[in-house]
Amino acid sequence: MFNDYVNDCVLCNPTLEPNQQVVFSNVYCMFLQLEQSKVKRIQLEGAGLIVPRKHRETVFDLTREEWEATYDLLKQVKTYIDEKYQPQGYNVGWNCGEVGGQHLFHAHLHVLPRYKGEPLAGRGIRYMFKSEQNKQK
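Description of the structure in this document.

## Overview of the overall build of the protein
Stage number 1. A tally of helices and strands in the protein yields two helices and five strands.
Stage number 2. N-terminal to C-terminal, the α/β element order of the protein is β-β-β-α-β-β-α.
Stage number 3. Its C-alpha atoms give the protein a radius of gyration of 15 Å, near enough to 14 Å, the size a compact globule of 137 residues would have.
Stage number 4. Its C-alpha atoms give the protein principal-axis dimensions of about 45 × 40 × 30 Å.
Stage number 5. Pairs at least 24 residues apart make up 55% of the contacts formed inside the protein by residues separated by at least 6 positions.
Stage number 6. Accessible area of the protein: about 9200 Å², with a carbon and sulfur share of 54%.
Stage number 7. Counting 17 positive and 16 negative side-chain charges, the protein places the averaged centre of each group 9 Å from the other.

Below you can see the structure in the form of structure tokens.
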């Protein structure tokens, strides 16, 4: 999808989600956080999304300028999260397509701080893929 803006998309129009705020932005993208991500010691503490301002369905649809702006914003976001939440690690990734776990069809980069006190600390994104439960039928 290459529409510049979709009226009912909560990532094109962050004000549609009242608990979501733009923390940082540049010409091409924004870093969004839900209000509940600011609560200490909950799942997804400090987590947020970097999204292109223009409606792009997946990361594969980003322009070079959007990709570079995402990188620049990611560096700024890491500094912010490090200072505010002091995580011990991160998971950073894109879900693409329904089978890939994408639920909002506007490209978004998950920035997920990780903490050593989590039950799944030390288990990265491949953990679920290597699981016996993930064998193809």
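Structure's up, so let's keep going.
## A word on the pairing of strand β1 (residues 20–25)
Stage number 1. Where β1 lies against strand β2 (residues 29–34), five bridges are found, and the strand directions are antiparallel. Counted as the bridge partner of Gln-20 is Leu-34 from β2.

## Some remarks on the state of the cysteines
Stage number 1. As enumerated under the stated definition, the model contains zero disulfides in all.
Stage number 2. Not engaged in a disulfide, the cysteine Cys-12 finds its nearest cysteine sulfur in Cys-9; these two sulfurs lie 3.9 Å apart.
Stage number 3. Distance from the sulfur of Cys-29, which forms no disulfide, to the nearest cysteine sulfur (Cys-12) is 14 Å.
Stage number 4. According to the relative accessible area criterion, Cys-29 is buried, its value standing at 0%.

## Focus on helix α1 (residues 64–85)
Stage number 1. Look at α1: 31 Å from first C-alpha to last across 22 residues, which is about the 32 Å you get at 1.5 Å a residue.
Stage number 2. Every buried residue belonging to α1 is among Glu-66, Ala-69, Thr-70, Leu-73, Val-77, Tyr-80, Ile-81 and Tyr-85, and all of these are buried. One face of α1 carries all of its buried residues, which in axial projection span an arc of 105 degrees. Relative to its buried face, α1 has exposed residues pointing more than 90 degrees away, namely Arg-64 and Glu-83.
Stage number 3. Where α1 is buried, its residues meet β1, β2, β3 (48–52), β4 (89–94) and β5 (109–114).

About the criteria used
Residues numbered from 1 in each chain as written. Predicted model: local features only at pLDDT ≥ 70, side-chain atom pairs only at ≥ 80, totals over all residues. Heavy atoms only, no water. Helix = DSSP H or I, 4+ residues; strand = E, 2+ residues; numbered from the N terminus. Rg over C-alpha atoms; globule rule 2.2 N^0.38 Å. Contact = heavy atoms within 4.5 Å. Areas by Shrake-Rupley, 256 points an atom, 1.4 Å probe, with all protein chains shown as cover. Lys, Arg positive; Asp, Glu negative; His and termini not counted. Charge placed at Lys NZ, Arg CZ, Asp CG, Glu CD. Pairing = 2+ DSSP bridges. Disulfide = S-S within 2.5 Å. Buried < 20%, exposed > 50% of the residue type's maximum accessible area, 1.4 Å probe, protein only. Expected span 1.5 Å × (residues − 1). Arc of directions from axis to C-beta.

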